[in-house]
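One letter stands for each residue in the lines below.
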Number of protein chains: 2
Amino acid sequence: MDSESEIEEAVELLKQMGLKEYEARCFVALTRLSGGTAKEVSEVSDVPRTRVYDAVRVLETEGLVEVQHSNPRVFRAISVGEAVDTLLDRFELKTEKLGETLRGLGSATPDEDAEVRHEVWTLADGRAIANRTYRLIDDADREVALVVDSEAFKDGKLVESLSSALDRGVEVFVGTAEEDLRDDIRENLPEAEVFVSHVEALTDPSNFPEDDTRITRMVLIDGETFLVSSFRDTGGGGSDEHAVFGKGFNNGLVALMRRLVSDSLQTGSDD
Amino acid sequence: MDSESEIEEAVELLKQMGLKEYEARCFVALTRLSGGTAKEVSEVSDVPRTRVYDAVRVLETEGLVEVQHSNPRVFRAISVGEAVDTLLDRFELKTEKLGETLRGLGSATPDEDAEVRHEVWTLADGRAIANRTYRLIDDADREVALVVDSEAFKDGKLVESLSSALDRGVEVFVGTAEEDLRDDIRENLPEAEVFVSHVEALTDPSNFPEDDTRITRMVLIDGETFLVSSFRDTGGGGSDEHAVFGKGFNNGLVALMRRLVSDSLQTGSDD
DNA sequence: ATCTGTTGTGATTAAACGGGTTACACGGAT
DNA sequence: ATCCGTGTAACCCGTTTAATCACAACAGAT
């Protein structure tokens, strides 16, 4: 029975969602059992029996477990579907409230010059980078140039952002090194220009076999904001995605990106 | 000002979403500030300044904060909208996985993270940039690839650094877009390889007449450190020179530079 | 150059928390 | 009564986290 590791994963996830170890273990045990007493739960979960009561009490107040007040007490977990929904709902509420609260805070900015001529920022975490990409595209005024690998293009939201940009009248150029991905793009974004030339060759891993850092995205917005994200598969499951993100017309890197892209469009245009 | 309790609430929510106290306080502070240094964050958040760095580092890896690697460092929170989206996305992923795991009893799971840090710095002021360039070249172990315009090459110290690198046995590649400068280089650095191909075309202003930002230097050291400097002639006598400078093998920009240069050397080699 | 205040890192201390154990009181069954 | 399973509560101890301190690197001023 290899369910050991599965159990651990579930416990880990539950802990990340705010449960304590005992609570998580008890909950997992209770979903495996159809229901059970403290003793049974203890045996299945390896939580000391005397602590099952505390753990379950918490789970009860969180609405994840039902209690039958008999003697001995019998506990039962709500269904997995319900549990997932409940957790998600609760979290959504929290994020909403957080959003409101944060927005409502007066800006404590001491005093600043708003004008930023030259900035380069780094950003980690794949999701955050993806979100930033959408937002950049959403804020584009005139032009979006984008080079992606298949991984990055799979994301539905990206296509969505791009087509809404097209609807706004923004010019969209998309490049990729992957043959079949180009057809995908043409199909999903008929109005966008698909191009191919040296820029996206830079993102093709097969051109650089000894280099284990993949370039997953290159974006240039209105010729004055860029984002380059890269990805490296670190041995263990740890994904290591980073982005560098810069803006300002006089930023050298922005200029560089501008030239790379303009080069590419001149030379390669449509394929 | 009753924002006190509001702040408390936001912090509390963030903690419930998995952040530590310091992390939460720093994040809230950063959303109130448009951006700030460790000192400013410390003042607003009441987190000891020396601990702000750690907290922000975590926030960065979670994708909630962007870091500008200048000196002093400047931190900036991603927008509230992005933050909420990111947190929600992440949580959704977890619930999905949890649902699967709990329902089925199938596959295994490893665990994570080996960590490699990347950095990107910005640097202003021509002299500081020049000095940094020398230092980078002086520290090179194997290889220096350099693209310059005439302005930057005039500097005697640059030639000095380069020849001492050559003496150390470091391979030196120099590219430039300017015809007569190439002869200069061959004369002064007979041992260096002078090349010409697309990379330095990017620095040729005549290729980009509408773009008033000149790229004055591009340096790549040992394939893992780069520097790009640019220059813009601001109307009033103010010279406006900036550089972006990054290192770390897993840094996407470094990878990009690496590829640009390797491309160039393959295609163009010596003229 | 030297001096001075600031910035970033690392080590260290102290308190809080959570996991694990033990003591014990209660109630029903024998 | 005694015995056993149940439920409560107190405690111990290792880990984590908040908080402080010492210090090297650096920038800017003199």
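Residues numbered from 1 in each chain as written. Chains lettered and ligands numbered in written order. Predicted model: local features only at pLDDT ≥ 70, side-chain atom pairs only at ≥ 80, totals over all residues. Heavy atoms only, no water.

## Some thoughts on the protein's contact with DNA strand C
No. 1: Residues in close proximity to DNA strand C total 15 residues, the closest being K20, E21 and R51 of chain A together with Y53 and R73 of chain B.
No. 2: A distance of 3.0 Å separates a base nitrogen of DNA strand C from a polar side-chain atom of R49 of chain B.
No. 3: When residues of the surface near DNA strand C are traced back to their parent elements, those giving at least two are helix 2 (21-32) and helix 4 (49-61) of chain A together with helix 4 (49-61) of chain B.
No. 4: It is helix 4 of chain B that contributes the most residues to the surface near DNA strand C, five residues altogether.
No. 5: Residues of the surface near DNA strand C, tallied by class, amount to four nonpolar, two polar and nine charged. (Near = heavy atom within 4 Å. Polar contact = N/O pair within 3.5 Å; in protein donor to acceptor, adjacent residues only side chain to side chain. Helix = DSSP H or I, 4+ residues; strand = E, 2+ residues; numbered from the N terminus. Nonpolar A, V, L, I, M, F, W, Y, C, P; charged D, E, K, R; others polar.)

## A word on the pairing of strand 5 (residues 171-175) of chain B
Residues and elements named next belong to chain B.
No. 1: The buried fraction of strand 5 amounts to four of the five residues, a majority that puts the element mostly inside the structure.
No. 2: Examined bridge by bridge, strand 4 (residues 143-148) and strand 5 share five bridges and lie parallel to one another. Within the sheet, the bridge partner assigned to V144 lies in strand 5 and is V172.
No. 3: As defined by bridge partners, strand 5 adjoins strand 6 (residues 193-195) across three bridges and the pair is classed as parallel. Its bridge partner being in strand 6, V174 is matched across the sheet by V194.
No. 4: Where the polypeptide runs from strand 5 across helix 9 (residues 179-188) and back to strand 6, its parallel neighbour, the crossover connection is right-handed. (Buried < 20%, exposed > 50% of the residue type's maximum accessible area, 1.4 Å probe, protein only. Pairing = 2+ DSSP bridges. Right-handed = clockwise from strand over helix to strand, strands pointing away.)

## Some remarks on the packing of aromatic side chains
Here a ring pair, both rings aromatic, is described through the centre-centre distance and the interplanar angle of the planes.
No. 1: A complete count under the given rule lists one aromatic pair over all chains for this structure.
No. 2: Positioned above the aromatic ring of F245 of chain A, the side-chain terminus of R132 of chain A is 4.8 Å from the ring centre.
No. 3: Cation over ring: R76 of chain B sits above W121 of chain A, and NZ or CZ is 4.2 Å from the ring centre. (Phe/Tyr/Trp six-rings, centres within 6.5 Å; stacked < 30°, edge-to-face > 60°. Lys NZ or Arg CZ within 6 Å of the ring centre and 35° of its normal.)

## Observations regarding the protein's contact with DNA strand D
No. 1: In the neighbourhood of DNA strand D, 15 residues make up the surrounding shell, with R57 and R73 of chain A together with K20, E21 and Y22 of chain B lying closest.
No. 2: In DNA strand D, atoms within 4 Å of the protein come 67% from sugar and phosphate.
No. 3: K20 of chain B places a side-chain nitrogen or oxygen 2.3 Å from a phosphate oxygen of DNA strand D.
No. 4: Contact between DNA strand D and R51 of chain B: a base oxygen at 3.3 Å from a side-chain N or O atom of the residue.
No. 5: Secondary-structure elements contributing two or more residues to the surface near DNA strand D are helix 4 of chain A together with helix 2 (21-32) and helix 4 of chain B.
No. 6: The element best represented in the surface near DNA strand D is helix 4 of chain A, accounting for four residues.
No. 7: Among the residues making up the surface near DNA strand D, the classes are represented as four nonpolar, four polar and seven charged.

## Section: the pattern of salt bridges
No. 1: All chains considered together, the criterion is met by 19 salt bridges over all chains.
No. 2: Residues D89 of chain B and K157 of chain A are paired through a salt bridge, measuring 3.8 Å at the closest nitrogen-oxygen approach. In this pair, D89 of chain B is assigned in helix 5 (residues 80-103) and K157 of chain A in helix 8 (residues 156-167), connecting two distinct chains.
No. 3: For D89 of chain B, a relative accessible area of 14% corresponds to the buried category.
No. 4: Residue R76 of chain B is joined to E66 of chain B by a salt bridge in which the shortest nitrogen-to-oxygen separation is 3.0 Å. Taken together, the residues R76 of chain B in strand 2 (residues 74-77) and E66 of chain B in strand 1 (residues 65-68) connect sequence positions ten residues apart. Here R76 of chain B and E66 of chain B have matching classes, each one buried.
No. 5: Connected via shared salt-bridge partners are R132 of chain A together with E66, R76 and E82 of chain B. (Salt bridge = Lys/Arg side-chain N within 4 Å of Asp/Glu carboxyl O.)

## Brief notes about the environment of S5 of chain B
No. 1: One can find S5 of chain B in helix 1 (residues 3-16).
No. 2: For the pair S5 of chain B and C26 of chain B, spaced 21 residues apart in sequence, the C-alpha separation works out to 16 Å.

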